[in-house]
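Survey of secondary and tertiary structure
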Amino acid sequence: MPRVYKRDPNAKWYSPVSRDIIDKAKEAVHKGLSIRSASKQFAIPYTVLQRHLKNANVKNRGGQTALSEDEEALLVEKLVLCAEWDYPIDSFDLRLLVKGFLDRRGKVVKKFNNNLPERDFAELFLKRCKDQLSVRMCQNIKRSRAGVTTSAVNEYFDNLENTLAGVPPENIINFDETNLQDDPGKKKVMSKRGVKYPECVMNHSKSSTSVMFAASGSGVLLPCFVVYRSNHLYASWTEGAPRGTRFNRTKSGWFDSCCFDDWIRTIVIPYLKPLEGSDDINDDDSGVSRSEPEVDVDTPDSGEDEIASDSNEECAIVNCNGQMWWVPRLLSQEQTNSRQEVSQRHLSRYEEEGDDFLNRIVTSDETWVHHYTPESKRSSMLWRKRGAAGPVKAKTRLLLERSLLLFFGTLKEFF
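Residues numbered from 1 in each chain as written. Predicted model: local features only at pLDDT ≥ 70, side-chain atom pairs only at ≥ 80, totals over all residues. Heavy atoms only, no water.

Some details on the environment of Phe247
Residue placement: Phe247 occurs in strand S8 (residues 246–250). On the accessibility criterion, Phe247 (15% relative accessible area) is buried. In this structure Phe247 touches Val226, Tyr228, Leu233, Trp237, Thr238, Ala241 and Asp262, once residues within four positions along its chain are discounted. (Helix = DSSP H or I, 4+ residues; strand = E, 2+ residues; numbered from the N terminus. Buried < 20%, exposed > 50% of the residue type's maximum accessible area, 1.4 Å probe, protein only. Contact = heavy atoms within 4.5 Å.)

Here it is in C-alpha cells:
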C-alpha cells in the first residue's frame, strides 16, 4: 500500500457509516422494526445493516490495523496520561511501547519485525487519532520547577500581597535571569490535542552566559547584567551592549552570590537610592521577596578599612566586605565619572579625618613570577678577544608553571 493513498475516481463510492448509527439501527431492529424499514430510517444500505446483524465483529473496509479499536483507545489514554504527568512519549517510544504490549499479550503481528512496529505505524496511528493526539515540540524543565503545586503558588501570592502593602510601584523591582546556551535537545512528543507548550522533566546543566533582567512596578527597565563563562573579563566583551549594562564573569557562566551582590550594588541600589519609601525586590525563579527599608551606598565608616589596588593591565576595586569587580584599563565615560566620584569622597574624608584616614588605606599590587626565567640575550653578553669563540649555552625556555605574588601595604609599612 502506498504511503499516501489516493482513491481511484472511477472506483465505486461507499458512503461512510458511523458505528453509532449502525448500533442505533441494530437496536431498533431488535425492538421489532424490520431491517428494510431500519435501513430507510437511518439511511444505511440494506446489505450493510444485514451483515452487521449476522456478524457482530465486522471488519472495517480496507486494510486492517495491527491493534484493535479498543487497544488503540487504551493506548491513546495512556499517552495522554504520560503527557499530563510531564513525561511525554515520542514516536520511537510509542513503537517500543507497542512492542512491549504485544509481547505481554502473547500476540504476534507478522507485518512487524520481532513485534516492533515501523515508523509508518506511528505516523498512521497519529493520523487516525488526530482528534485526541497532536505532535508538538517539547521544552525541558527541571524537576524542581515541575514540583511546584497550585497551593504553593497561591501561598506565594498571599505572602507577596502582605509584603507589598504600602510599597509604591516604582519601588518594586521584579527580576529574572536567563541563560543563553546550547539547547540540550528538543524532540517532538505526543500530547493531548490543544496543549500548546508540552513540557518534559529533564535535568540538564550546561555552562552558558547568563543575563539578568529587572523592571520596576511602574514600568522602568533597569540596565542588564551579563555574566560570562570565563576566568577573566576582557574589554572587547563589553562593546556594543545597551547603555548602563554591567558585566561580570564566573567559571560556570551562572550567577553566584558574588555576582548577585554585584548586581544589587551596581544596578539596584543606584536606582532605589533617590526614591522614597520602602523598597521590595521580587525574584521570579525562587519566589523570594526581599524588603529593603533603607538604602545606603556611602563609603565605609571610619572604623573600617578600604582597599584600592593598581595593576598594569586591569584595575581591581575591593570594598570592605572583600567583594571585587574588575574594571578594564580602557575606561568608559561612566566608569571615569564613577572613579572621579570615589576620589572626591576620599578627599572629603581626608579633610575631615586627616592622616588617620590615610593610615587605613591599604594599597595592593600583583605580579606573575615564573618558576624559572631564562636570561635574555642582552644580559648574557660577555666580553671576549677578537677572533675567540663565543660561550656555549644550552637552549632554555620559559616554564609555564608560575605563581601569583600579591603585595599589600599601608602608608607606613608593607606586609
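Still to come is the rest of the account.
Points about the UniProt feature "domain: HTH psq-type" (unreviewed entry) in the protein
According to UniProt, the feature "domain: HTH psq-type" (unreviewed entry) maps to residues 19–56 in the numbering used here. Counting secondary structure, residues 19–56 comes out at 74% helix and 0% strand; the distance between its end C-alpha atoms is 12 Å. (UniProt positions renumbered as here; feature names shortened; annotations may be inferred.)

Re the packing of helix H1 (residues 19–30) against helix H3 (residues 46–54)
How two helices sit against one another is set out by the angle between their axes and by the gap between those axes. Axis separation between H1 and H3 bottoms out at 10 Å; the angle between their running directions is 75 degrees. Taken together, the axis directions place H1 and H3 in an arrangement best described as roughly perpendicular. Between H1, through Arg19, Ile22, Ala25, Lys26, Val29 and His30, and H3, the contact on the second element is made entirely by Leu49, His52 and Leu53. Considered class by class, the residues forming the contact of H1 with H3 number five nonpolar, two polar and two charged. (Axes fitted to C-alpha atoms, helices over the stretch in contact; angles between N-to-C directions. Parallel < 35°, antiparallel > 145°, perpendicular 65-115°, else oblique. Nonpolar A, V, L, I, M, F, W, Y, C, P; charged D, E, K, R; others polar.)

Digging into the confidence of the model for the protein
Note that predicted coordinates carrying low pLDDT should not be read in detail. Confidence along the protein averages 76 in pLDDT terms, with 77% of residues attaining 70 or more. Confidence over residues 286–328 falls short of pLDDT 50; this stretch has 91 contacts with residues more than four positions distant or in other chains. (pLDDT = per-residue confidence, 0-100.)

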